[in-house]
Structure formats: C-alpha cells, structure tokens
Amino acid sequence: MSFLTGTHRFLDPKCNEILDQFYECIEKKSRAVGACDGLLAQLYRCKKEDLETHRQMNKVESENKRREHTISRDPIIQKKLEILKRLQEKQAEQSKSS
C-alpha cells in the first residue's frame, strides 16, 4: 500500500469511493489474502489517472504563468493592453450616457 502514502483523496469522486471500499475491505478481511486485490487494481488505475490529471493541470498552469510573465515583461503588449483598457472604458462611458 505504499503507493497510497500521502494520498488522502483523489480528484475523481469515484476513485475516492474505491479508496473507501478498499480500506473497508482491508479492515474486514485483513487475514484473507487476495480478498481486496480487485479494489487494489482499481486503485492503481485511479492513481495513474489522477497523476496524469495533475500533470495536465500543472502543465496548463505552467503555460499560463509563462504567458503572464511574458506579457508582463513585454512593453509593446503592455502598451496595447493600456490602449485596449482605455477603449473599453470609453465604450462603457458612451453606453452609460446613451
């Protein structure tokens, strides 16, 4: 069960149900060797899917941070954003006065 170390909950609620079932199985059938193997196999699949989901989330987050960092350091982009903001404010004022 070393793969469960530090894992309290999965992202997928179904995996959390399997985890609960596995712990319940271990408590009830602690002496029956192999009685919980099916649940253990499902937990390994859940863990694999969960890790992949976390990798994807981290990848997206890293890309967003890199993009934000690039935008914040590029003076041309900053100037364009400033112009865009002024245009939006101007349009908002015009729509209020109409």
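Looking at an unreviewed UniProt entry, one finds the protein chain named COX assembly mitochondrial protein and attributed to Adineta ricciae.

> Please explain the state of the cysteines as it appears in this structure.
Using the criterion set out here, one finds 2 disulfides in the structure. With a sulfur-sulfur separation of 2.2 Å, Cys15 is cross-linked through a disulfide to Cys46. A torsion of -85 degrees about the S-S bond marks the disulfide between Cys15 and Cys46 as left-handed. Separated by 31 residues along the polypeptide, Cys15 in helix α1 (residues 13-28) and Cys46 in helix α2 (residues 37-73) bring together distant segments of the chain. In this structure, Cys15 and Cys46 share a single accessibility class: buried. Two residues share a disulfide in this structure: Cys25 and Cys36, whose sulfurs sit 1.9 Å from each other. Between Cys25 and Cys36 the sulfur-sulfur dihedral comes to about -95 degrees; the bridge is accordingly left-handed. Here Cys25 is found in helix α1, whereas its partner Cys36 is found in the loop between α1 and α2, with 11 residues between them in sequence.

> When you look at α2 in this model, what are you seeing that I'm missing?
Structurally, the α-helix is built with 3.6 residues per turn, so residues lying three or four positions apart point the same way. In this model, α2 (37 residues) spans 53 Å end to end at C-alpha, consistent with the 54 Å of a helix rising 1.5 Å per residue. The set of residues buried in α2 consists of Leu39, Leu43, Cys46, Lys47 and Asp50. Next to the buried residues of α2 lie α1.

Basis of the calculations
Numbers given for residues are sequential positions, taken from 1 along each chain in its written order. Per-residue local features are limited, in this predicted model, to residues with pLDDT of at least 70; the limit for side-chain atom pairs, both in listing and counting, is 80 or more; totals at the level of whole chains, interfaces and linings are taken over all residues. In computing side-chain values, all of the structure's heavy atoms are included and hydrogens and water are not. By convention in this document, the label disulfide applies to cysteine sulfur atom pairs within 2.5 Å. Each helix is a run of DSSP H or I of at least 4 residues and each strand a run of E of at least 2, with the numbering of both proceeding from the N terminus. Think of it in three bands: residues with accessible area under 20% of the maximum for their type are buried, residues over 50% are exposed, and the middle band is partly exposed, with areas taken using a 1.4 Å probe on protein chains only. In this analysis, the expected span of each helix is defined as 1.5 Å times one less than the number of residues it contains. Contacts between residues were defined by any pair of non-hydrogen atoms, one from each residue, lying within 4.5 Å.

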